[in-house]
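Read off the chains here:
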Amino acid sequence: MIFFFNLWLGYGDFSPTTSLGKGLCVVYAFFGIPITILLLRFIGQQMLRGERSLITAIEKRCLGRNGTPSALNKKCFLFGFVYLLLLLLGGAAAQMKAEGWSYGDSLYFYVVTFTTVGFGDLLPQKAKYITIPFILLGLTAISNLLHAAAAVALIRRVTEGSQENNETEKLTEKEAEV
């Protein structure tokens, strides 16, 4: 299992040297990257579904509101953004303590890692046991945030489209009356 995590955390500290190793790495990347994307997509969707249920329950039980909450997708986006921000700040604090980095370097490391840029200029050496959970949570938080942003954009597009249709219908009715 440690071998898997060392291989998975590919910041250049572990790389294949033989032709066979490089070939297996290509095959792994060919299948592993799309499967990972699908997994993160699924997790992001499930997190968004959970946020919707949580926000609906809070509004119903704590605020006494019935029905679907107003601006639910915007609230989910805000919730996801706060969750990502807490992961960034908390991960940076943990990394700073464990690796002896500055807070700025630690924050930079997690932003670069969560956005899957991964330059490899900062490598966790001492505390991969801290880094790996934060990376997994951060990637799912990014996926969740992207799903929430897409939901907000989709609702906006549908709403604007229906308003345009209503205006077109009104114009058509006025033209028919004339």
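Residues numbered from 1 in each chain as written. Predicted model: local features only at pLDDT ≥ 70, side-chain atom pairs only at ≥ 80, totals over all residues. Heavy atoms only, no water.

What about the packing of helix α3 (residues 72-99) against helix α4 (residues 103-114)?
At a minimum axis separation of 8 Å, α3 and α4 run at an interaxial angle of 130 degrees. The angle between α3 and α4 places the two elements in the oblique class. Note that α3 runs across α4; the crossing there is right-handed. Between α3 and α4, the contacting residues are L84, L87, L88, L89, G91, A92, A93, Q95 and M96 on the first element and Y103, S106, L107, F109, Y110, V111 and F114 on the second. (Axes fitted to C-alpha atoms, helices over the stretch in contact; angles between N-to-C directions. Helix = DSSP H or I, 4+ residues; strand = E, 2+ residues; numbered from the N terminus. Parallel < 35°, antiparallel > 145°, perpendicular 65-115°, else oblique. Left-handed = near helix turned anticlockwise from the far one by under 90°. Contact = heavy atoms within 4.5 Å.)

Here's the deal with the packing of aromatic side chains
Throughout the structure, instances matching the rule amount to 5 aromatic pairs. The interplanar angle of 75 degrees and the centroid separation of 5.0 Å between the aromatic rings of F109 and Y110 together place this pair among those described as edge-to-face. As far as burial versus exposure is concerned, F109 and Y110 are alike and both buried. Aromatic rings pair up to connect W101, F109, Y110, F114 and F134 into one cluster. (Phe/Tyr/Trp six-rings, centres within 6.5 Å; stacked < 30°, edge-to-face > 60°. Buried < 20%, exposed > 50% of the residue type's maximum accessible area, 1.4 Å probe, protein only.)

Overview of α4
For the α-helix, the turn length of 3.6 residues means that residues three or four positions removed from each other point alike. When the terminal C-alpha atoms of α4 are compared, their 16 Å separation across 12 residues agrees well with the 16 Å that a helix rising 1.5 Å per residue should span. Restricting attention to buried positions, one finds in α4 the residues S106, F109, Y110, V112, T113 and F114. One or two steps after α4, the chain reaches T116, where phi turns positive at roughly 60 degrees. (Expected span 1.5 Å × (residues − 1).)

Side note on the confidence of the model for the protein chain
Fine structural detail should not be taken from predicted coordinates in areas where pLDDT scores are low. Looking at the protein chain as a whole, the pLDDT averages 82, with 82% of positions reaching at least 70. For the protein chain, helix α1 (residues 2-8) is the element with the lowest average pLDDT, namely 45, and α3 is the one with the highest, namely 93. Counting interchain partners and residues more than four positions distant, the pLDDT-below-50 stretch residues 1-8 has 10 contacts. (pLDDT = per-residue confidence, 0-100.)

What about the nonpolar core?
Of all hydrophobic cores here, the largest spans 15 residues; its most connected members are L84, L87, L88, F109, Y110, F114 and F134. At the level of elements, α3, α4 and α5 (128-177) are the ones that each hand at least two residues to this core. The dominant element in this core, judged by the number of residues it contributes, is α5, at 6 residues. The contact partners of L87, leaving out residues within four places of it in the chain, are A92, F114, F134, L137, G138 and A141. Listed in part, the 5 residues of the second largest apolar core include I55, L72, C76 and A148. (Core = buried A, V, L, I, M, F, W, Y, C linked by side-chain atoms within 4.5 Å.)

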